[in-house]
Each structure stands twice: as structure tokens, then as C-alpha cells.
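Working through the structure, step by step
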Amino acid sequence: MGQLFTSAATTAFRVTIVLFLLAAAGTGVLAYIWTRAGSSWNIGKPANQPVPFRHDLHSGLLKIDCRYCHSTVERAADAGMPSAQTCMSCHSEVWIGATVLEPVRSSFALSQPIIWTSVHRLPDYVYFHHAAHVTKGVACETCHGRVDRMPRTVKTETLSMGWCLDCHRDPVPQLRPRGAVLAMGSGPHAMDLPDDLRVFYREAFQRLTSCNTCHR
Ligand code: HEC
Ligand code: HEC
Ligand code: HEC
Ligand code: HEC
Ligand code: HEC
């Protein structure tokens, strides 16, 4: 009885199988990289805003305190967003007629808030609290990056559960003295922190990593 398939056909069949397996493995690897890489977390992607506000100008160059516009960041869960009135305290004097500021002027005239698009938004089932962090020595820069150099505001960290937990397991190396939380470009000062703080966080481990701290 002769061969059912020519040897060329058998080779082609084997090559196809190998290529198929490689493609399947490749897709798996790509999927893994994709979920790990920044792109799926919107890192570095600016949002469309009603006004092209620039932190690099207002925070970097003009050195306006973060709390001037995000006034509840040390007191509440939300950092708070500036009202049109906050902008108008200067923009009734500078850049008065500028077209880019038209939405600010009309919000001000109608006493309506400006609708900013959020760049950082956690799912509703996650509980986050700004004051709990800022008052304990976690700096804006640690979670939001060099905002003072951003022409458009972007995310610099994933804000994933793994990212939160990485710090919650051992926050001490990332902490700054309370007075340096708003500063940009100054690193953590873990070495200057008191020893009892290390003890405190060793004991706080349970609470900071338990599910109902962030899912309540
Ligand atoms: C403490 C004063 C102050 C406050 C408050 C302020 N600005 Fe400004 N802003 C300035 C100054 C000064 C300039 C002009 C800088 C220059 O061109 O030299 C400016 C420029 C701008 C520009 C033009 C930027 C460019 O060059 O493209 C926009 C847009 C703007 N501001 C938006 C806002 C918005 C929105 C708010 C409120 C959230 C705000 N500003 C709050 C002082 C302020
Ligand atoms: C003059 C007002 C002003 C000052 C000062 C200011 N911001 Fe903002 N901030 C805004 C406005 C307006 C937006 C919304 C537009 C945008 O995202 O660029 C914003 C957005 C943000 C966001 C993103 C919010 C979101 O919805 O995800 C972060 C984070 C932030 N600011 C951090 C800071 C930090 C840190 C500082 C101090 C270094 C600072 N801001 C100083 C006006 C200000
Ligand atoms: C431990 C990390 C962390 C620190 C420290 C931190 N933020 Fe945030 N920030 C977040 C997260 C997470 C969100 C998204 C919150 C949400 O969606 O519930 C956010 C959201 C914001 C927003 C959007 C609107 C809002 O009201 O929450 C602003 C503005 C902001 N942060 C400013 C600041 C400023 C200014 C500081 C420093 C004084 C700061 N943040 C410190 C993690 C942090
Ligand atoms: C860089 C370090 C760091 C990161 C990142 C961080 N945290 Fe925290 N978190 C802390 C510290 C420090 C405290 C204060 C603990 C204390 O002393 O009570 C805290 C406290 C909290 C509290 C209050 C706990 C309580 O019992 O009152 C919540 C809720 C919380 N974090 C949620 C989050 C979430 C959600 C994220 C991620 C989106 C996050 N944190 C990211 C360091 C961090
Ligand atoms: C320090 C804060 C923190 C703690 C503690 C925490 N989580 Fe989360 N969790 C988050 C954040 C932030 C997200 C949202 C991430 C995102 O944007 O998809 C999340 C998302 C989730 C999701 C949805 C996952 C997904 O892929 O959509 C589940 C399920 C979850 N957490 C379960 C848990 C369980 C179970 C525990 C306890 C073992 C826990 N979490 C502890 C912060 C936390």
C-alpha cells in the first residue's frame, strides 16, 4: 500500500502545527504584557478637558500651592476640584479676554461648576481616602508623579490593587516627614523617620492589607 500523504504534505502539516502552537503561545505572552503594561491602565494618556489647564505653569512656574485648588486634600476623602471662582481670582486680572478661558467665565457667570474629566478614577467598589495618606506622610508625588512638570495632567501609576498593596505591606520606605508631602522632587526620608513608626507599621500590616480596608 502506498503512502497516504506525500512527505512534502506531512512536513507542511507539521510546520503548520508548530506555527499554530507558537502563535497561541505568542498571543498569551502579548496578553500578559498588555495587562501588565501601562497602556491598559491609561498611564500617560491625557483626558479631554473643557479648558487646557497646565500644572507645569500654575504649580511649576507660578508655584501656586496644590491646596489652593485641591482644598480638601488634607481633610477629606476627595482632594476637591477648583471652582470657576478659584480661577477667576486671578483670571479676572490676567488673560482676561482669552478664548481658552471662555468656559471658566461662563461657569463663573452662571455659578456652575466646571466639569473636569477625571484622569484618576477608581471603580466604585474601592474606598480611597486622601487625608488618611497625606496626613501620614504619603506625598502627592508618590502617587501622582511630577505634576508640577505636566503640561497635560496624566496618570503615572496604575492605581491597581497590586500597586496599593505593594505599599500597604510596608509603607515606611515610602514615607516623608509630614511637612514635605506637598513638595515635588524630594525623595522619601525613610532614614530620618523615628523607630516607633516602623514598629507601628509592622503592627498595622493586618489592617492595611485586609480586604475591608479598601472594599467596604
Ligand atoms: C494665582 C493666580 C492664578 C490662578 C488661581 C489661576 N491661574 Fe491660570 N494663569 C495665571 C497666570 C499668571 C497665567 C499667565 C502665565 C503667562 O502666560 O505668563 C495663567 C495662564 C492660564 C492659561 C493659559 C495657559 C497657556 O499659556 O496656554 C490657562 C488656560 C489658565 N491659566 C487656566 C486656569 C484655570 C482653569 C484656573 C483655575 C483652575 C487657573 N488658571 C487659575 C495665574 C493663575
Ligand atoms: C490653579 C489651580 C491648581 C493648582 C495650584 C493645582 N491643580 Fe491639580 N488640577 C487643577 C485642575 C483645573 C485640574 C483638572 C484639569 C486637569 O486634569 O488638568 C487638576 C487636576 C489634578 C489631578 C488629576 C485629577 C483627576 O481627576 O484625576 C491631580 C492628580 C492634581 N491635579 C494634582 C495636583 C497637585 C499634586 C498639585 C500641586 C503640585 C496641583 N494639582 C495643583 C487645578 C490645580
Ligand atoms: C496614596 C496615593 C495618593 C496620594 C498620596 C495622593 N493621591 Fe490624589 N488620588 C489618588 C487616587 C487613588 C485617586 C482616585 C480616587 C478615586 O477615584 O476615588 C486620586 C485622585 C485625586 C484627584 C481627583 C479628584 C478627587 O477629588 O479626588 C486630585 C485632584 C488629587 N488626587 C490630588 C492630590 C493631591 C493634591 C495630593 C497631595 C496633597 C494627592 N492627590 C495625594 C491617590 C493619591
Ligand atoms: C505609597 C504608599 C501607599 C499607597 C501607594 C497607598 N496607600 Fe493607602 N495608606 C498608606 C498609609 C501610610 C496609610 C495610613 C495608615 C495609618 O497610619 O493608618 C494608608 C491608609 C489607607 C486607608 C485608611 C486605612 C484605615 O484603616 O483608616 C485606606 C482606605 C487606603 N489606605 C486605601 C488605599 C488604596 C485604595 C490605595 C490604592 C489606590 C492605596 N491606599 C495606596 C500608604 C499607601
Ligand atoms: C489597599 C487597598 C486594597 C486592599 C487591601 C484590597 N484591595 Fe481589592 N482592589 C483594590 C483596588 C484599587 C482595586 C481596583 C483595581 C482596578 O482598577 O481594577 C481592587 C479590585 C479588586 C477586585 C476586582 C478585580 C478585578 O480584576 O476587577 C477584587 C475581586 C478584589 N479587589 C478583591 C479583594 C480581596 C479579596 C481582598 C482581600 C484579600 C482585597 N481585594 C484587598 C484595592 C484593594
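Rules of the game
- Within each chain, residues carry numbers counting from 1 in the order of the written sequence.
- To read the labels, note that chains go from A and ligands from 1, taken in the order they are written.
- Since the coordinates come from a predicted model, pLDDT governs what is reported: local features require at least 70, and pairs of side-chain atoms require 80 or more to be given and counted, while whole-chain, interface and lining totals use all residues.
- To get the side-chain values, take all heavy atoms of the structure and skip hydrogens and water.
- A cutoff of 4 Å decides nearness: a residue is near a molecule or strand if any of its heavy atoms lies inside that distance of it.
- Polar contact is defined as a pair of N or O atoms within 3.5 Å, subject to the rule that within protein one atom must be able to donate a hydrogen and the other to accept it, and that residues adjacent in sequence are counted only when both atoms are side-chain atoms.
- Runs of H or I in DSSP of at least four residues are treated as helices and runs of E of at least two as strands, each being numbered from the N terminus.
- Residue type decides the class: Asp, Glu, Lys and Arg count as charged, Ala, Val, Leu, Ile, Met, Phe, Trp, Tyr, Cys and Pro as nonpolar, and the leftover types, Gly among them, as polar.
- Contacts were defined at the residue level, with two residues in contact if any of their heavy atoms lie within 4.5 Å.
- UniProt positions are given in the numbering used here, feature names are shortened, and annotations may be inferred rather than shown by experiment.
- Think of it in three bands: with a 1.4 Å probe and only protein chains considered, a residue is buried below 20% of the maximum accessible area for its type, exposed above 50%, and partly exposed in between.
- For Na, K and Ca the donor cutoff is 3.2 Å, while for all other metals N, O and S atoms count as donors only within 2.8 Å; water does not appear among the atoms, so some sites may look incomplete.
- A four-donor site is called tetrahedral if each angle lies between 85 and 135 degrees; a four-donor site is square planar, and a six-donor site octahedral, when trans pairs exceed 155 degrees and the remaining angles lie between 65 and 115; all other cases are labelled irregular.
- Within this analysis, patches are made of residues with over 30% relative accessible area and no salt bridge. Like charges are joined at 9 Å or less; nonpolar side chains (Val, Leu, Ile, Met, Phe, Trp, Tyr) at 5 Å or less.
- Here the Shrake-Rupley method, with its probe set to 1.4 Å, supplies the accessible areas, and only the displayed protein chains count as covering residues.
- Salt bridge criterion: a side-chain nitrogen from Lys or Arg within 4 Å of a carboxyl oxygen from Asp or Glu.
- By convention here, the domain bounds are inherited from an automatic or database domain assignment.

**Re the site of ligand 5**
In the vicinity of ligand 5, 15 residues are found, and the nearest of them are Met161, His168, Cys211, Cys214 and His215. Between ligand 5 and histidine 215, the relevant distance is 2.8 Å, taken from a nitrogen atom to a side-chain nitrogen or oxygen of the residue. With 4 residues, the top contributor of residues to the shell around ligand 5 is helix H8 (residues 161-169). For the shell around ligand 5, the per-class residue count stands at 11 nonpolar, 4 polar and no charged.

**Observations regarding the side chain of glutamate 141**
Note that glutamate 141 resides in helix H7 (residues 140-144). Among the polar contacts made by the side chain of glutamate 141, one reaches the side chain of arginine 176 at a distance of 2.7 Å. In this view, glutamate 141 contacts Arg146, Arg176, Ala183, Met184, Gly185 and Ser186; residues no more than four positions away in its chain are not counted.

**As for the UniProt feature "domain: Class III cytochrome C" (unreviewed entry) in the chain**
Sequence positions flagged by UniProt for "domain: Class III cytochrome C" (unreviewed entry) are, in local numbering, residues 46-93. Taken end to end, residues 46-93 is 40% helix and 0% strand, and its two terminal C-alpha atoms sit 28 Å from one another.

**Regarding the site of ligand 3**
Neighbouring residues of ligand 3: 21 residues in total, closest Arg121, His130, Cys140, Cys143 and His144. Leucine 122 is positioned such that a nitrogen or oxygen atom in its backbone is 2.9 Å from an oxygen atom of ligand 3. Secondary-structure elements contributing two or more residues to the shell around ligand 3 are helix H6 (130-134) and H7. For the shell around ligand 3, the class distribution of residues is 13 nonpolar, 6 polar and 2 charged.

**Here we look at unusual backbone geometry**
With a phi close to 45°, serine 111 is a non-glycine residue in the positive phi region. Of note, leucine 159 is a non-glycine position whose phi angle comes to about 60°, a positive value. The residue leucine 159 is located in the loop between H7 and H8 in this model. A residue is classified by how much of its surface remains accessible, and leucine 159, at 17% relative accessible area, is buried.

**Thoughts on the coordination of the iron atom of ligand 1**
Coordination angles at a metal have ideal targets, namely 109.5 degrees for four tetrahedral donors and 90 or 180 degrees for six octahedral donors. The protein atoms that coordinate the iron atom of ligand 1 are His58 (NE2) and His91 (NE2), at distances spanning 1.9 to 2.0 Å. With 6 donor atoms in place around the iron atom of ligand 1 and angles of 86 to 180° between them, the coordination shape is octahedral. Linking histidine 58 in helix H2 (residues 55-61) with histidine 91 in helix H4 (residues 84-91), this pair joins segments that are 33 residues apart in sequence. In this structure, histidine 58 and histidine 91 share a single accessibility class: buried.

**Notes on the coordination of the iron atom of ligand 4**
For the iron atom of ligand 4, the full set of protein donor atoms is His133 (NE2) and His168 (NE2), at a range of 1.9 to 2.0 Å. In this structure, the iron atom of ligand 4 is surrounded by 6 donor atoms whose angles at the metal cover 87 to 179°, and the resulting shape is octahedral. Taken together, the residues span a long stretch of sequence, with histidine 133 in helix H6 and histidine 168 in helix H8 at a distance of 35 residues.

**A closer look at a nonpolar patch on the surface**
On the surface, a nonpolar cluster with roughly 470 Å² of combined accessible area is contributed by Phe13, Ile17, Phe20 and Leu21. Assignment of secondary structure puts leucine 21 in helix H1 (residues 7-36).

**Notes on the side chain of threonine 86**
Mapped onto the elements of the fold, threonine 86 is located in helix H4. Leave out the neighbours within four places in its chain, and threonine 86 touches Tyr68 and Cys69.

**As for the domain arrangement of the chain**
Considered domain by domain, the chain is made up of domain 1 (7-36) and domain 2 (55-81 + 116-214). When each unit is reduced to the centre of its C-alpha atoms, the spacing between domain 1 and domain 2 is 44 Å.

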